[in-house]
Amino acid sequence: MPELPEVETTANGIRPYLEGQIIGQLIVRERQLRWPIPAGLEKSVNGKNVTKIERKGKYILIHLDTGGLIIHLGMSGSIRVLRTPEPPGKHDHFDLINKSGQIVRYRDPRKFGCLLYCSSSLYDHPRLQALGVEPLTQDFNGKWLYALSKKKTIPVKTFIMDGRIVVGIGNIYASEALFDAGIDPLRKCSRISLPRYTRLVESIQKILNQAIAKGGTTLQDFVGADGMPGYFEQALAVYGREGKSCIQCMSSIKRVMISQRSTFYCPQCQK
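Residues numbered from 1 in each chain as written. Predicted model: local features only at pLDDT ≥ 70, side-chain atom pairs only at ≥ 80, totals over all residues. Heavy atoms only, no water.

**Observations concerning the packing of aromatic side chains**
Move 1: Applying the stated criterion across every chain, the model contains five aromatic pairs.
Move 2: Centroid distance tyrosine 239 to phenylalanine 264: 5.1 Å. Interplanar angle 70°. Geometry classified as edge-to-face. Here tyrosine 239 is found in the loop between helix 7 (194-213) and strand 9 (254-258), whereas its partner phenylalanine 264 is found in strand 10 (residues 261-265), with 25 residues between them in sequence. An identical accessibility class is assigned to tyrosine 239 and phenylalanine 264; each is buried. (Phe/Tyr/Trp six-rings, centres within 6.5 Å; stacked < 30°, edge-to-face > 60°. Helix = DSSP H or I, 4+ residues; strand = E, 2+ residues; numbered from the N terminus. Buried < 20%, exposed > 50% of the residue type's maximum accessible area, 1.4 Å probe, protein only.)

This is the structure:
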């Protein structure tokens with residue numbers, strides 16, 4: 001599933017082709033995504049000016065003169081920019097075409113993504129109301145995370161993946177950040193000290209920024225707006241490396257299930 005770095009990479013990739021541009025045409029080929037695309041949406045956005053594109057959690061927000069669009073990539077979604085027209089493929093579900101004719105095309109084999117419309121401020125949309133703090137902002141810090149953890153007994157990996165607490169830290173980057181911080185993913189979040197949470201926040205921000213710089217991680221379907229895969233997979237220290245040697249101590253990387261997610265860690269380096 002595309003996580004924060006992949007969504008950030010996508011938002012950055014489509015920004016030059018939509019922000020400040022007029023939507024010449026929205027073409028919808030498949031309305032039955034995670035939530036149905038409403039009939040008549042095309043009339044609501046055609047001819048509108050795109051004033052801003054940003055990421056919020058794992059959502060891409062496309063602000064228009066009035067209202068705007070919200071895109072989620074789901075489990076297998078990706079967006080490409082086509083400078084010249086190409087015939088759509090089986091899984092190419094909608095196009096946003098700017099006045100210059102450049103196409104922003106959404107592809108999603110599993111159809112778990114979405115295209116939502118809001119006639120007022122996007123920040124008022126119900127899907128955004130329950131989102132936690134952004135991890136790459138000053139609001140996300142060790143003291144804040146430590147305070148929230150005190151009344152919880154869940155594993156720390158489950159804790160930092162809770163989108164109501166902090167957004168966008170998916171399975172891959174949670175495993176990588178906990179390794180970087182030297183914290184056992186199974187440890188109860190209430191049993192971690194303030195200094196260790198401070199280090200964990202630093203590790204989360206470090207890992208996310210490194211992944212964004214490399215265009216995210218491509219394990220199956222994800223590609224950036226330029227059609228290229230993300231290259232952070234080459235820098236993964238623990239994720240997907242069960243049975244291989246730890247890059248720090250040469251012990252064997254282990255895999256356990258936490259909250260029904262495969263979790264990779266080094267039992268020697270992470271305590």
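Now, onward.
**Re the pairing of strand 3 (residues 59-64)**
Move 1: With respect to burial, strand 3 is a largely interior element, six of its six residues being buried.
Move 2: Note: strand 2 (residues 50-56) against strand 3, six bridges, orientation antiparallel. For arginine 55, the partnering residue across the bridge sits in strand 3 and is isoleucine 60.
Move 3: As consecutive antiparallel partners, strand 2 and strand 3 are separated by two residues, and within that stretch glycine 57 has a phi angle of approximately 60°, a positive value. (Pairing = 2+ DSSP bridges.)

**So, the nonpolar core**
Move 1: Of all hydrophobic cores here, the largest spans 35 residues; its most connected members are Phe140, Leu145, Val156, Ile160, Tyr197, Leu200 and Ile204.
Move 2: Within the residue set of this core, elements represented by two or more residues are helix 5 (156-160), helix 6 (171-181) and helix 7.
Move 3: Sequence-distant contacts of tyrosine 197, defined by excluding residues within four places in its chain, comprise Gly142, Leu145, Tyr146, Ser149, Val156, Phe159, Cys189 and Ile192.
Move 4: By size, the runner-up hydrophobic cluster in this structure holds 27 residues, among which are Val7, Val28, Val50 and Leu115. (Core = buried A, V, L, I, M, F, W, Y, C linked by side-chain atoms within 4.5 Å. Contact = heavy atoms within 4.5 Å.)

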